[in-house]
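# An overview of the molecular structure
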Amino acid sequence: MAELEGLEFGKSDFVLLDEVTMEQFMENLKLRFEKGRIYTYIGEVVVSVNPYRQMDIYGKDNIEAYRGRELYENPPHLYAVSDAAYKAMKRRAKDTCIVISGESGAGKTEASKYIMQYIAAITNPSQRAEVESVKNVLLKSNCVLEAFGNAKTNRNDNSSRFGKYMDINFNFNGDPTGGHINNYLLEKSQWCSDEMLQSFHLQNDPAVYVYTKEGAETVTSNNDRSSHKAVLSALEVIGFSKEEITSVYQILATILLLGNMQFESDGESVNIVGQEVVNHISELTATDPESVNKSLLYRTVATGGGEVIEKGHTEQDACFGRDAFAKALYERLFGWIVSRINSIIEVKDYDPVLHGKNTVIGVLDIYGFEIFDNNSFEQFCINYCNEKLQQLFIELILRQEQDEYQREGITWQHIEYFNNQIIVDLVEQAHKGIISILDEACLTVGKVTDTVCLDSMDTKLAQHPHYTSRKLSPTDKSMDFQKHFRIRHYAGDVTYSVEGFLDKNKDLLFQDFKRLMYNSANPVLKEMWPDGHLSITEVTKRPLTAATLFKNSIVALVDKLACKEPYYVRCIKPNEMKSPVLFDDARCQHQVAYLGLLENVRVRRAGFAYRQLYARFLQRYKMTCEYTWPNHLMASDREAVEAIVIQHGFQDDVAYGQTKLFVRTPRSLFTLEQERNHLIPILVTFLQKVWRGTLARARCRRMRAIYAIMGCYKRYKVKAHFWEVERRFANVRTMADYGKSLEWPTPPAALSQFHSITVMLHRRWWARQIVKNIPPSDMLEVRAKVAAMTALSGERKDWGVSRAWERDYLANARDCPQTSASFIRISKELKNKDEYSQVLFSSFCRKVNRFNKSTDRGLLITDKYIYKLEPKKQYKVLKKLPLDSFTGVSVTTGVDQMVALHTSSQDDVLLCLQRGELCPNQDRVGELVGAIVDHFTRSVTEIFFSLSFILHSFILMLSACNAHYLQGKSTQY
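Cut-offs used in this document
- Residues numbered from 1 in each chain as written.
- Predicted model: local features only at pLDDT ≥ 70, side-chain atom pairs only at ≥ 80, totals over all residues.
- Heavy atoms only, no water.
- Helix = DSSP H or I, 4+ residues; strand = E, 2+ residues; numbered from the N terminus.
- Buried < 20%, exposed > 50% of the residue type's maximum accessible area, 1.4 Å probe, protein only.
- Contact = heavy atoms within 4.5 Å.
- Areas by Shrake-Rupley, 256 points an atom, 1.4 Å probe, with all protein chains shown as cover.
- Expected span 1.5 Å × (residues − 1).
- Polar contact = N/O pair within 3.5 Å; in protein donor to acceptor, adjacent residues only side chain to side chain.
- Core = buried A, V, L, I, M, F, W, Y, C linked by side-chain atoms within 4.5 Å.
- Phe/Tyr/Trp six-rings, centres within 6.5 Å; stacked < 30°, edge-to-face > 60°.
- Lys NZ or Arg CZ within 6 Å of the ring centre and 35° of its normal.
- Axes fitted to C-alpha atoms, helices over the stretch in contact; angles between N-to-C directions.
- Parallel < 35°, antiparallel > 145°, perpendicular 65-115°, else oblique.
- Left-handed = near helix turned anticlockwise from the far one by under 90°.
- Nonpolar A, V, L, I, M, F, W, Y, C, P; charged D, E, K, R; others polar.
- UniProt positions renumbered as here; feature names shortened; annotations may be inferred.
- Pairing = 2+ DSSP bridges.
- Patch = residues over 30% accessible without salt bridge, like charges linked within 9 Å, V, L, I, M, F, W, Y side chains within 5 Å.
- Salt bridge = Lys/Arg side-chain N within 4 Å of Asp/Glu carboxyl O.
- Lys, Arg positive; Asp, Glu negative; His and termini not counted.
- Charge placed at Lys NZ, Arg CZ, Asp CG, Glu CD.
- Arc of directions from axis to C-beta.

## Some points on the overall build of the protein
When you go through the protein residue by residue, the secondary structure sums to 29 helices and 26 strands. The proportion of buried residues among the 973 residues of the protein is 47%. Across the protein, contacts joining residues at least 24 apart in sequence account for 63% of those joining residues at least 6 apart. Taken as a whole, the protein presents about 50,100 Å² of accessible surface, with 53% of it coming from carbon and sulfur.

## Description of helix 27 (residues 779–792)
The first and last C-alpha atoms of helix 27 sit 19 Å apart over 14 residues, in line with the 20 Å expected at 1.5 Å per residue. Listing the buried residues of helix 27 in full gives Met779, Glu781, Ala784, Lys785, Ala787, Ala788 and Leu792.

## Topic: the side chain of His464
In this structure, His464 sits in the loop between helix 16 (450–460) and strand 13 (467–469). Of the polar contacts made by the side chain of His464, one reaches the backbone nitrogen of His466; its length is 3.1 Å. Leaving out residues up to four positions away in the same chain, His464 has contacts with Ile422 and Leu426.

## Description of the nonpolar core
Ranked by size, the top nonpolar core spans 95 residues in total, and within it Phe148, Met261, Leu329, Leu333 and Val569 carry the most contacts. The leading source of residues in this core is helix 11 (residues 315–345), at 13 residues. Here Val569 is in contact with Val46, Ser48, Leu78, Val81, Ile98, Val99, Ile100, Ser101 and Ile115, once residues within four sequence places are set aside. Grouped together as the second largest cluster of nonpolar side chains are 74 residues, Leu389, Leu392, Val494 and Ile572 included.

## Side note on the packing of aromatic side chains
Taken as a whole and assessed by the stated rule, the structure comprises 27 aromatic pairs. When the ring of Tyr738 is compared with that of Trp765, the centres are 5.7 Å apart and the planes differ by 85 degrees; the resulting orientation is edge-to-face. Within this pair, whereas Tyr738 is found in the loop between helix 25 (666–728) and helix 26 (752–771), its partner Trp765 is found in helix 26, the two being separated by 27 residues in sequence. Since its relative accessible area comes to 18%, Tyr738 is described here as buried. Ring centres of Tyr865 and Tyr867 lie 6.0 Å apart, and the angle between their planes is 50 degrees; this geometry places the pair in the tilted category. Overall, Tyr865 belongs to the partly exposed group, its relative accessible area being 22%. Look at Tyr867 and you get buried, because its relative accessible area is 1%. By the ring-pair criterion, three or more aromatic residues cluster together here, those being Phe377, Phe380, Tyr467, Phe485, Tyr496 and Phe501. It is Arg37 that lies over the ring of Phe9; its NZ or CZ is 3.8 Å from the centre. Stacked on the ring of Trp805, the Lys or Arg Lys785 has its end atom at 5.6 Å from the ring centre.

## Brief notes about the packing of helix 9 (residues 275–285) against helix 10 (residues 289–297)
Relative orientation of the contacting elements helix 9 and helix 10 amounts to 115 degrees, with a least axis distance of 8 Å. Relative to helix 10, helix 9 is oriented roughly perpendicular. Crossing angle aside, the handedness with which helix 9 passes helix 10 is right-handed. Residues Gln275, Val278, Asn279, Ile281 and Ser282 of helix 9 touch helix 10, and the partners they reach there are Pro289, Val292 and Asn293. Its residues assigned to classes, the contact of helix 9 with helix 10 shows four nonpolar, four polar and no charged.

## Some words on the UniProt feature "binding site: ATP" (unreviewed entry) in the protein
Taking the UniProt record as the reference, the feature "binding site: ATP" (unreviewed entry) is found at Gly102, Glu103, Ser104, Gly105, Ala106, Gly107, Lys108 and Thr109. As for its placement among the helices and strands, Glu103 is situated in the loop between strand 3 (96–101) and helix 4 (108–122). Among the secondary structure elements, Lys108 is positioned in helix 4. Under the relative-accessibility criterion, Lys108 is labelled buried at 7%. Lys108 has contacts with Ile100, Ser101, Gly102, Glu103, Asp365, Ile366, Tyr367, Gly368 and Cys571, leaving out every residue within four places of it along the chain.

## So, the environment of Gln658
Mapping Gln658 onto the fold places it in the loop between strand 18 (654–656) and strand 19 (660–663). Residue classification places Gln658 among the exposed residues on the basis of a relative accessible area of 56%. The contacts of Gln658, once residues within four sequence positions are left out, are Arg407, Glu408, Gly409 and Tyr614.

## Thoughts on the sheet that holds strand 17 (residues 610–613)
The three strands lie next to each other as 17-19-18, forming an open sheet whose pairing is antiparallel. A strand with exactly one partner marks an edge of an open sheet, and here the two such strands are strand 17 and strand 18. For this sheet the average axis-to-axis angle between neighbouring strands, irrespective of direction, equals 20 degrees. One ladder, built from four bridges, connects strand 17 with strand 19; its direction is antiparallel. Its bridge partner being in strand 19, Tyr610 is matched across the sheet by Val663. Where helix 13 (residues 377–408) meets the sheet, its contacts fall on strand 17, strand 18 and strand 19, and the angle it forms with strand 19 comes to roughly 120 degrees. Seen against the sheet, helix 24 (residues 637–648) touches strand 18 and strand 19 and runs at an angle of roughly 165 degrees to strand 18.

## A few points about a negative patch on the surface
The grouping of Glu264, Asp266, Glu268 and Glu315 at the surface amounts to a negative patch. Its location among the elements puts Glu268 in the loop between strand 8 (263–265) and strand 9 (270–272).

## Things to note about unusual backbone geometry
Residue Pro630 is reached from Trp629 by a cis peptide bond, and omega for that bond is 0 degrees. We note that Tyr52 has phi near 55 degrees; this positive angle belongs to a residue other than glycine. Mapped onto the elements, Tyr52 comes out in the loop between strand 2 (45–49) and helix 2 (60–66).

## Describing the pattern of salt bridges
Within the structure shown, the criterion is met by 32 salt bridges. Of the charged contacts, one joins Arg486 and Asp476 as a salt bridge, the two residues approaching to 2.6 Å between their closest N and O atoms. One end of the pair, Arg486, is in strand 14 (residues 484–489); the other, Asp476, is in the loop between strand 13 and strand 14, and ten residues separate them in sequence. Judged by its relative accessible area of 14%, Arg486 is buried. Salt bridges here are not isolated pairs; linked through shared partners, they connect Arg332, Lys514 and Asp531.

## A short note on a nonpolar patch on the surface
On the surface, a nonpolar cluster with roughly 590 Å² of combined accessible area is contributed by Tyr713, Tyr716, Phe722, Trp723 and Phe754. Inspection of the secondary structure puts Phe754 in helix 26. In this structure Phe754 comes out as partly exposed when scored by relative accessible area, which is 41%.

## What to know about helix 23 (residues 614–621)
Of all the residues in helix 23, the buried ones are Tyr614, Phe617, Leu618, Arg620 and Tyr621. End-on, the buried residues of helix 23 take up no more than an arc of 165 degrees, which puts them together on one face. Each element contacted by the buried residues of helix 23 is listed here: strand 17, helix 24, strand 18, strand 19 and helix 25.

## As for a positive patch on the surface
Together, Arg697, Arg699, Arg701 and Arg702 make up a region of like positive charge exposed at the surface. Structurally, Arg697 can be placed in helix 25. A relative accessible area of 48% means that Arg697 is categorised as partly exposed.

## What to know about the pairing of strand 16 (residues 565–572)
Within strand 16, eight of the eight residues are buried, which leaves the element mostly enclosed by the surrounding structure. Two strands pair when backbone bridges link them, and strand 2 and strand 16 are joined in this way by four bridges, in the parallel orientation. Each bridged residue has a counterpart across the sheet, and for Val49 the counterpart in strand 16 is Ile572. By the bridge criterion, six bridges tie strand 3 to strand 16 in an arrangement that is parallel. Looking at strand 16, one finds that Thr96 is bridged to Glu565.

Here you go:
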């Protein structure tokens with residue numbers, strides 16, 4: 001059973017119908033057509049309904065979906081049967097064939113193209129050039145053969161008027177290596193011209209020409225120009241030369257001009273109306289105009305004594321000869337095209353020892369059974385062909401069924417079916433069949449008409465149960481006397497009109513035309529007419545009739561098919577309006593009948609409706625039984641299948657073969673399918689859960705592995721960084737600059753903070769090494785300069801870093817020799833009084849008040865107070881402010897000596913430091929700032945260390961309390 005199709009689309013296999021009746025068959029066929037399911041199985045036979053619209057089921061994705069899959073794994077499709085034929089050929093080295101049949105307009109040609117495209121798509125995976133070339137020629141040959149073998153008719157825009165059988169040869173790898181085409185051309189007059197060039201003396205209007213006038217009036221097409229280009233391209237791809245293509249068009253132009261040729265008679269002789277057409281035909285065929293004229297108006301006959309005479313045609317004979325010549329030209333042209341393609345694609349120099357066995361897939365695209373209002377010789381041949389194929393079809397199907405039963409050890413039951421051998425004998429039996437009677441009438445000397453031939457058939461076939469005529473059945477008024485006969489075919493009764501039977505069966509082509517074409521200067525024409533080399537006096541056998549030639553070709557075809565494993569595609573035309581939505585029940589039922597589809601279902605259902613290998617059956621239905629899901633523990637798959645059958649209670653409806661289970665009625669299978677359809681969503685959910693868990697665990701393992709790798713890599717990078725730092729800074733102690741000039745390696749991201757700390761530590765170490773060499777007496781100045789640099793770096797250009805700082809300039813005799821003694825005395829008094837420990841800075845200054853008045857003052861900054869002194873009054877203290885009341889110092893960026901001391905009481909002091917008398921260019925702003933900043937920095941550090949000591953002591957005390965408490969002791973602190 002096909003996957004992915006619910007019951008709303010009907011039964012995907014007609015074998016599974018509840019009852020095998022025409023009503024149920026048609027109901028299922030119609031439902032699937034309306035639901036867009038144009039393919040349905042009968043076992044391994046594909047029933048195809050022409051959708052009359054483009055369907056999105058033939059792309060690359062669809063090809064991949066069917067590639068290598070079993071028939072039951074996907075919905076019915078041409079690709080499925082194509083793949084089955086290909087697998088049988090490749091796996092079992094068996095020759096296979098695909099037989100496509102159906103009436104005109106049923107979609108046979110399109111089906112054959114899709115089959116060829118599928119085979120081309122799945123072969124040659126290595127893209128070997130020679131194999132690709134063969135595939136291209138095989139595909140393009142379809143286009144060429146359609147152009148020359150199909151016709152526009154009232155019923156179909158692309159009606160096949162020929163049968164085509166193509167053998168595709170494959171090597172042991174399953175790649176196409178060549179092929180061969182057989183054609184079964186019937187109607188040589190139904191041809192529709194493509195666009196012709198003016199050099200061929202043609203007009204671009206099919207209605208102008210007799211042979212294409214009917215098609216131009218009834219059928220129109222919008223893509224003739226693109227189709228013509230496609231044919232030209234295909235001819236070039238296949239390998240036709242430009243000269244050969246030109247010759248093809250010249251022959252086609254000749255045929256069209258012959259159709260328009262007219263004759264006139266003056267009572268004694270017949271002449272061609274207008275010499276211009278003769279000249280054109282002569283030019284196109286590369287022959288002499290006089291020879292063309294003579295061949296059309298005269299017939300050269302050799303008498304028994306070897307005398308050659310020319311016998312003039314009557315006007316009717318001339319018309320017959322002209323039409324026979326035109327038909328023969330087209331027939332020879334078509335045959336030459338086929339043989340030319342065969343010469344290109346046939347396998348040459350194939351050595352089975354070197355290359356393995358050469359296997360074949362045959363594709364037969366042939367006309368189906370035809371029943372028209374007026375059935376003539378062509379329908380007679382077509383229906384005879386279908387009788388032969390139906391006979392082969394039933395025999396092969398029965399043979400396959402019987403062989404399978406015997407292989408599996410199942411008792412064979414005799415199947416009743418209609419054996420149409422009696423109808424085949426009616427047509428082809430030697431001396432008694434209709435073809436023999438027609439040939440005998442054609443060979444008879446004298447005036448033998450179609451009516452005389454009908455009388456002969458009535459006489460010889462009067463007792464045949466499948467033959468009748470109005471003469472044999474006088475009361476049947478659906479037939480006319482001396483005109484109709486009826487054959488009871490397997491597909492139904494067909495009434496044939498005998499008119500034209502003999503003319504169509506005879507070879508009306510005179511030897512003069514053959515010699516004319518053989519003597520052409522065009523090598524293509526000469527090659528087409530090898531029988532024209534005989535002179536008029538040479539005795540030759542009478543050529544075989546059209547019916548005999550056709551019979552021989554069909555017998556040969558059947559022999560070819562009989563030795564291959566067959567696969568079938570039965571095509572159905574849903575309506576006559578070419579509508580994608582209309583389903584004509586009566587029309588379709590008629591086709592189902594004459595295609596023998598119901599008979600096929602009955603044969604398939606006669607014993608067991610369904611059979612499947614144990615492994616595949618188990619794989620599909622094991623979830624319906626607790627003993628087989630997810631995997632059984634039984635000795636064999638057969639026992640597991642038996643467990644499934646017993647659990648569902650239809651053990652009386654099955655039989656067990658060697659390798660397969662046989663199910664008698666579809667109802668048992670549907671029970672399993674319903675149970676399976678119910679369980680599938682549950683299993684899918686379960687599998688999704690398991691699969692998601694598997695994916696999550698795998699993802700988790702990957703993430704753990706990733707993090708482990710990342711951790712190892714990070715540790716490696718950290719160690720590598722340490723190693724590099726150690727390598728670079730190994731000798732810094734002995735370097736002159738202690739490693740200050742060394743470049744630090746770039747740290748990994750994890751060590752960015754550590755790197756900053758390390759750099760800082762190195763700098764501090766480096767500074768320590770530098771500071772160690774500074775005398776203790778200079779440390780106060782160094783600290784002040786460092787503090788000033790920290791505060792003023794980048795803010796003030798010159799702050800006195802390059803000179804020595806003396807701090808206490810008022811006590812310096814060099815700075816103020818007149819008053820230094822007085823300042824020293826006052827300084828001691830203030831030190832004793834205010835108990836400060838050191839002088840941070842002292843200097844002369846000019847104080848500026850709010851009114852912009854300035855006066856000279858002395859500035860003394862100690863570690864506790866800031867004093868404003870009056871130098872002129874023995875350094876009298878004018879103002880004293882606690883040092884800790886100051887909140888900041890502001891200086892300018894220029895070279896001036898302005899300083900603003902900010903206090904918490906907003907009683908700011910603005911002053912200008914005076915330069916000393918000995919060094920008038922000294923900048924003392926930096927020294928003042930450095931002294932203050934250094935003092936406050938050391939004070940904060942001392943407070944921090946004091947707090948740390950107190951905190952550490954407190955922690956020790958808590959630890960002691962805790963220890964005593966744990967020992968059960970009580971201590972008070």
